[in-house]
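Listed below are the residues making up each chain.
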Amino acid sequence: MAAFADLRNRARELKVELIALALAARHPHTPWYARLIVAGCVAYALTPVDLIPDAIPVVGFIDDLIFIPLAVALAVRFIPAAVMADCRQRSRAIEARAPRFSWWMWIVISAAWLTAIVLIALWTVA
């Protein structure tokens, strides 16, 4: 159970860091090249064009697992420390105000997705 709690804390910190990066990209004291790296990282993560296509099992996600964290680390390195500290503080405040989903909400959302997948599978097979 401790590993699960540690994983949850790491995921929450990653969320705070990504929000901080989004805030830092809009900060007036962030250099243009750091903004370019953040924009490139977001574009690479969201576009369907990949260095290795995601359709290839396991290998397709390796480029995402390598390039995106490297780009995030590089962007953080180029953003001034004072700007990043301010953005992290604002990010923690934003994350604290975000609504939390209960376990019941996650069950409802998962059941809706599972129902949709089953109905689509039945529709395509029949």
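As the structure is a computational prediction, the values presented were derived from the model and not from experiment.

I'm lost on the packing of helix 1 (residues 2-26) against helix 3 (residues 59-78) in this one. Help?
Packed helices, taken two at a time, are described by the angle between their axes plus the distance between the axes. In the contact formed by helix 1 and helix 3, the axes pass within 11 Å of each other and the chain directions differ by 55°. Taken together, helix 1 and helix 3 sit at an angle that is classed as oblique. As helix 1 packs across helix 3, the resulting crossing turns out to be left-handed. Between helix 1 and helix 3, the contacting residues are Glu17, Leu18 and Leu21 on the first element and Val72, Ala75 and Val76 on the second. The class makeup of the residues in the contact of helix 1 with helix 3 is five nonpolar, no polar and one charged.

What is the right way to look at the side chain of threonine 30 in this model?
Its location among the elements puts threonine 30 in the loop between helix 1 and helix 2 (32-46). The exposure class assigned to threonine 30 is buried, which follows from its relative accessible area of 5%. Threonine 30 has contacts with Ala24, Arg35, Ile79 and Val83, leaving out every residue within four places of it along the chain.

Looking at this model, I keep getting lost on the confidence of the model for the protein chain. Mind explaining?
As a note on interpretation, predicted positions should not be read in detail where pLDDT is low. When pLDDT is averaged across the protein chain, the result is 84; 96% of the residues are at 70 or more. Within the protein chain, the element-level pLDDT minimum falls on helix 3, averaging 81, and the maximum on helix 4 (residues 81-97), averaging 92.

Would you mind showing me how to read the packing of aromatic side chains here?
The description of an aromatic ring pair uses the distance of the two centres, along with the angle that the planes make with each other. Scanning the entire structure with this criterion turns up two aromatic pairs. Measuring from centroid to centroid gives 5.7 Å for tryptophan 32 and tyrosine 33, while their planes differ by 80°, and the two rings are edge-to-face. Judged by relative accessible area, which is 64%, tryptophan 32 ranks as exposed. On the basis of relative accessible area, tyrosine 33 is assigned to the partly exposed category, the value being 37%.

I'm lost on helix 1 in this one. Help?
Each α-helix turn comprises 3.6 residues. Residues three or four places apart therefore point the same way. Here helix 1 contains 25 residues, and its C-alpha end-to-end distance of 37 Å stays within 8% of the 36 Å for a straight helix at 1.5 Å per residue. Every buried residue of helix 1 is accounted for by Val16, Glu17, Ala20, Leu21, Leu23 and Ala24.

Explain the pattern of salt bridges to me, please; I cannot follow it from the model alone.
Side-chain pairs of opposite charge can arise where the charged atoms are in close proximity. One pass over the structure, following the stated rule, counts three salt bridges. Here glutamate 17 ties to arginine 88 by a salt bridge, and the two come within 2.8 Å at their closest N and O atoms. Highlighted residues: glutamate 17 in helix 1 and arginine 88 in helix 4, separated in sequence by 71 residues. The salt bridge involving aspartate 86 is made with arginine 90; its shortest N-O contact spans 3.6 Å. Placement of the pair is aspartate 86 and arginine 90 together in helix 4, with a separation of four residues, close to one helical turn. Looking at aspartate 86, the relative accessible area reads 27%, which means it is partly exposed. Arginine 90 sits in the partly exposed class, given a relative accessible area of 36%.

Cut-off values and rules
- Residues numbered from 1 in each chain as written.
- Predicted model: local features only at pLDDT ≥ 70, side-chain atom pairs only at ≥ 80, totals over all residues.
- Heavy atoms only, no water.
- Axes fitted to C-alpha atoms, helices over the stretch in contact; angles between N-to-C directions.
- Helix = DSSP H or I, 4+ residues; strand = E, 2+ residues; numbered from the N terminus.
- Parallel < 35°, antiparallel > 145°, perpendicular 65-115°, else oblique.
- Left-handed = near helix turned anticlockwise from the far one by under 90°.
- Contact = heavy atoms within 4.5 Å.
- Nonpolar A, V, L, I, M, F, W, Y, C, P; charged D, E, K, R; others polar.
- Buried < 20%, exposed > 50% of the residue type's maximum accessible area, 1.4 Å probe, protein only.
- pLDDT = per-residue confidence, 0-100.
- Phe/Tyr/Trp six-rings, centres within 6.5 Å; stacked < 30°, edge-to-face > 60°.
- Expected span 1.5 Å × (residues − 1).
- Salt bridge = Lys/Arg side-chain N within 4 Å of Asp/Glu carboxyl O.

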